[in-house]
Amino acid sequence: GEACCYELCNVCGESLMLDWDAVVEYEGERIACGDFKPIFGRNEIEEGTDECSSIKGNYSDFCCYTPPNEPCNLCQTETSFLDAYTSVEVELWGSAMNCSDVYDYLIRRIETDSETCSSAKESVSECCYNKCTICGGTQVQEFEQEIDLNGE
């Protein structure tokens, strides 16, 4: 009889991490790398097949990475951790990107002591800001407390 079970193709293999949100073009459509798994399931693409190997060859560089030992934090300075704007668009490496996407990419894939990290920090310093805090000194914010602010 035919076997009922098989090992689904894994675009990153065992040693690399999948960047779920990275976007690639596959069969004429833009998809997130995380969408490969359901595609493999629907099409029964098995580990070890030519089709699986071909997809790995074409997409693993874009979809897979080795996590850094010390991640690059775009908004970390010598003295503090700043926040990244979510709605600001910047140009980095020839592409228009959202600041929060740049932040996520760097923290997931780039070492803090690398040239890529330092050049990105210089290129897109407008991505980071010092979030307003209502508490001073040693005070701690009470997150559950509700207040009335401008009638809201």
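Read on for an overview of the structure. (Residues numbered from 1 in each chain as written. Predicted model: local features only at pLDDT ≥ 70, side-chain atom pairs only at ≥ 80, totals over all residues. Heavy atoms only, no water.)

1. Examining the overall build of the chain
Heads up, the rule is: Secondary structure elements are taken from DSSP: a helix is a run of H or I of four residues or more, a strand is a run of E of two residues or more, and numbering for both begins at the N terminus. Computation of the radius of gyration draws on C-alpha atoms, with the globule rule given as 2.2 Å multiplied by the number of residues to the power 0.38. Only heavy atoms enter the contact rule, under which two residues are in contact if any of them lie within 4.5 Å. Under the convention used here, a 1.4 Å probe and the Shrake-Rupley method define accessible areas, while residue burial counts only the protein chains that appear. The charged-residue count follows a simple rule in which Lys and Arg add positive charge and Asp and Glu add negative charge, with His and chain termini not counted at all. Each charge is placed at NZ for Lys, CZ for Arg, CG for Asp and CD for Glu.
For the chain, the count of helices and strands is 4 helices and 8 strands. Along the chain, helices and strands appear, N-terminal first, in the series β-β-β-α-α-β-β-β-β-α-α-β. For the chain, the C-alpha radius of gyration of 21 Å lies well beyond 15 Å, the compact-globule estimate for 152 residues. With respect to the three principal axes, the spread of C-alpha positions in the chain is 70 × 40 × 30 Å. Long-range pairs, those at least 24 residues apart, make up 65% of the contacts in the chain with a sequence separation of at least 6. If you sum the accessible surface of the chain, you get close to 10,900 Å²; carbon and sulfur atoms cover 46% of it. The averaged location of the 32 negative side-chain charges in the chain is 2 Å from the averaged location of its 8 positive side-chain charges.

2. So, the packing of aromatic side chains
Definition in use: Aromatic contacts are taken between Phe, Tyr and Trp rings whose centres are within 6.5 Å, Trp giving its six-membered ring; a plane angle under 30 degrees counts as stacked, one over 60 as edge-to-face, and the others as tilted. Only protein chains enter the area calculation, which uses a 1.4 Å probe; residues under 20% of their type maximum are buried, those over 50% are exposed, and those in between are partly exposed.
Following the criterion strictly, the structure yields 6 aromatic pairs and no others. Between tyrosine 26 and phenylalanine 36, the ring centres sit 5.1 Å apart and the planes meet at 75 degrees, which makes this aromatic pair edge-to-face. Of this pair, tyrosine 26 sits in strand β2 (residues 23-26) while phenylalanine 36 is found in helix α1 (residues 36-43), placing the two residues 10 residues apart along the sequence. Comparing tyrosine 26 with phenylalanine 36 shows no difference in burial state: the two are buried. Chaining the aromatic ring pairs together yields one cluster made of Tyr26, Phe36, Phe40 and Tyr59.

3. Remarks on the side chain of arginine 109
Going by this rule: Any pair of nitrogen or oxygen atoms within 3.5 Å is treated as a polar contact; in protein, a donor-acceptor pairing is required on top of that, and neighbouring residues in sequence qualify only through side-chain atoms on both sides.
Relative to the elements of secondary structure, arginine 109 occurs in helix α3 (residues 99-109). Residue classification places arginine 109 among the buried positions, given a relative accessible area of 15%. From its side chain, arginine 109 meets the backbone oxygen of phenylalanine 62 in a polar contact 2.8 Å long.

4. Regarding the pattern of salt bridges
Inclusion rule: Just to be clear on terms, a salt bridge is a Lys or Arg side-chain nitrogen sitting within 4 Å of an Asp or Glu carboxyl oxygen.
All told, the structure shown has 5 salt bridges when counted by the stated rule. A salt bridge links arginine 108 to aspartate 19, with the shortest nitrogen-to-oxygen separation between them at 2.4 Å. With arginine 108 in helix α3 and aspartate 19 in the loop between β1 (17-18) and β2, the pair connects residues that are 89 residues apart, well separated along the chain. Of the residues examined, aspartate 19 reaches a relative accessible area of 5% and is grouped as buried. Salt bridges sharing partners connect three or more residues here, namely Asp19, Asp21, Arg108 and Arg109.

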